[in-house]
Amino acid sequence: MTPLFPALSDDPSSRPALRFGERSLTYAELAAAAGAVAGRVRGAGRVAVWATPSLETAVGVVGVLLAGAAAVPLNPKSGDKELGHILSDSAPALVLAAPGAELPAPLRGLRRIDVDAGSGSGSDVRGGTGAPAGAAVDEEEPALVVYTSGTTGPPKGAVIPRRAIATTLDALADAWQWTEQDVLVHGLPLFHVHGLVLGVLGPLRRGGSVRHLGRFDTQGVTRELSSGATMLFGVPTMYHRIAEALPADPALAKALAGARLLVSGSAALPVHDHERIAAATGRRVVERYGMTETLMNTAVRADGEARAGTVGVPLPGVELRLVEDDGSVVDAFDGESVGEIQVRGPNLFTEYLNRPDATAAAFTADGWFRTGDVAVRDPDGYVRIVGRKATDLIKSGGYKIGAGEIENALLEHPGVREAAVTGEPDADLGERIVAWVVPADPESPPREGELADHVAGRLAPHKRPRVVRYLDALPRNDMGKIMKRALPS
Ligand code: MCA
Ligand code: AMP
């Protein structure tokens, strides 16, 4: 098969590839650094990567892919419970980390390899042999195992084959006229598909470059888009913060106005934010729609009409249909007939690791993946997402979070007798996590901050409740099941 990163294996050049803050690597330097990682992990099977927003994470993942192994990116803010689950489920042979990075207890038993990202100063790194010999690997072999939350239970590891990465990135290149001339800027985390696959592997597959902000802020966006960056990727919360900042920040408006493409994804960008950005910059943000399990399904094309509130048309190679609850297929393109989005194509994952039951449940008998997202289609084929089948999935800051996982964590707190978790609309985060708690001792309920820390420490900070509401009892039906719809709003 063809290599995932032709620009690395042909004749790596002195063109810029990666930049994180002050540190950068050319293609030749990346080829040497990632080639060295590949040499050390070849044959390792699954390799955990301590996915800080750093050059080392990018080099580590590329090295694992060159070696034909599969990378398991870890959120460096994962709490012990979440990390313990991911490690026992994915059983990595070793962990890659930046030199000096302190790893938490669950990782200390694993063999560790420090990633040498070269000088990272942009100077020439010798010592490598130029083009790394990427292993000849079947394209159905796993490239990544990315953990994603479901409604209940711990996160599941979506096994993403090399074929899915190659096809989704090439389909996006077609939709967005994305070339080696593009310089992408973003501040997304590197342990999810958006930041890692689209945001790092995307530019590298094209032979272009990425500048990572380390941490998202509007000043970084202004700086990079004013100095050569051409594209911006972000979640709606980031665009909301841009929209908020624009009235007082003409430099930001000018920088955005000069960009070739502004792309939002991972959750719906509210029309109000679309409109505010368009009014201040004259530029329209385009949306694309994807999932960890499917990579990208649809996009507003660079040569199409950028219309607020839609996620565009199916990408090349992606089959998309809408299906009603009774299984009948919705044929209408009328902007109002609603159905669940089901997709099929080479962009799909292969399975949930160690979960044949969940894998089987995710597909129809004829091989369509059930996304759980509910949509309509306009007469010109544009898809508009109007909801989600599962109420127990919350999208907050672009992160998918299962209510059940947080409820289980809350119930492990000695001060909590009963718990229910819901999502509430939030202008900044899209949805905020609300915990409804019946305290074990009504006289001294656990404090809100204590419960937030408890969840952040066990699972991850983005899964912490932003609001805690105390009740004497949770509303339950005759069967004893919690009726979330009956919770006071
Ligand atoms: C706060 N912090 C805490 C606590 N409270 N840490 C420990 N314990 C606590 N109790 C820390 C947080 O970790 C964070 O640190 C900082 O304080 C601020 O927290 P928070 O307010 O939660 O963060 P934020 O500034 O509101 O974050 C907004 C954000 C973030 C930057 C937009 O939500 C984000 O990066 N979202 C991206 C999600 C994403 O990439 N999703 C893609 C998956 P620090 O700031 O240092 O972390 S979806 C996907 O991949 C599919 C395929 C798709 O379609 O894209
Ligand atoms: P995740 O499981 O974190 O990969 O998130 C996938 C989910 O994010 C999808 O099932 C959608 O619900 C949501 N999503 C991604 N992109 C968009 C978008 N542009 N508009 C609305 N929802 C989106």
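Everything discussed here concerns the structure shown above.
Report on the accompanying structure. (Residues numbered from 1 in each chain as written. Chains lettered and ligands numbered in written order. Predicted model: local features only at pLDDT ≥ 70, side-chain atom pairs only at ≥ 80, totals over all residues. Heavy atoms only, no water.)

## Some details on the nonpolar core
Link 1 in the chain: L18 and W176 are the most contacted members of the largest nonpolar core, which has 132 residues in total.
Link 2 in the chain: Sorting elements by how many residues they give to this core places helix α5 (residues 162–176) first, with nine residues.
Link 3 in the chain: With 17 residues, the next largest nonpolar core counts L74, A98, V145 and Y147 among its residues. (Core = buried A, V, L, I, M, F, W, Y, C linked by side-chain atoms within 4.5 Å. Buried < 20%, exposed > 50% of the residue type's maximum accessible area, 1.4 Å probe, protein only. Helix = DSSP H or I, 4+ residues; strand = E, 2+ residues; numbered from the N terminus.)

## Some remarks on the pairing of strand β12 (residues 261–264)
Link 1 in the chain: Judged by which residues are buried, β12 turns out to be covered on both faces: L261 and V263 on one side and L262 and S264 on the other are all buried.
Link 2 in the chain: Sheet topology places strand β11 (residues 231–234) next to β12; four bridges connect them, and they run parallel. Looking at the pairing, G234 lines up with S264 of β12.
Link 3 in the chain: Summarising the sheet, β12 and strand β13 (residues 286–291) pair through two bridges and their orientation is parallel. Considered in β13, the bridge of S264 is made with E287. (Pairing = 2+ DSSP bridges.)

## Describing the environment of P461
Link 1 in the chain: Assignment of secondary structure puts P461 in the loop between α13 (448–458) and β26 (467–470).
Link 2 in the chain: The spatial distance from the C-alpha of P461 to the C-alpha of A31 is 34 Å, given a sequence separation of 430 residues.
Link 3 in the chain: Not counting the four nearest positions on each side in its chain, P461 is found in contact with K77 and A456. (Contact = heavy atoms within 4.5 Å.)

## Notes on the side chain of T310
Link 1 in the chain: Within the secondary structure, T310 sits in the loop between β14 (295–299) and β15 (313–314).
Link 2 in the chain: Assessed through its relative accessible area of 1%, T310 is described here as buried.
Link 3 in the chain: Within the structure, the side chain of T310 is placed 3.0 Å from the backbone nitrogen of G312, a separation counted as a polar contact. (Polar contact = N/O pair within 3.5 Å; in protein donor to acceptor, adjacent residues only side chain to side chain.)

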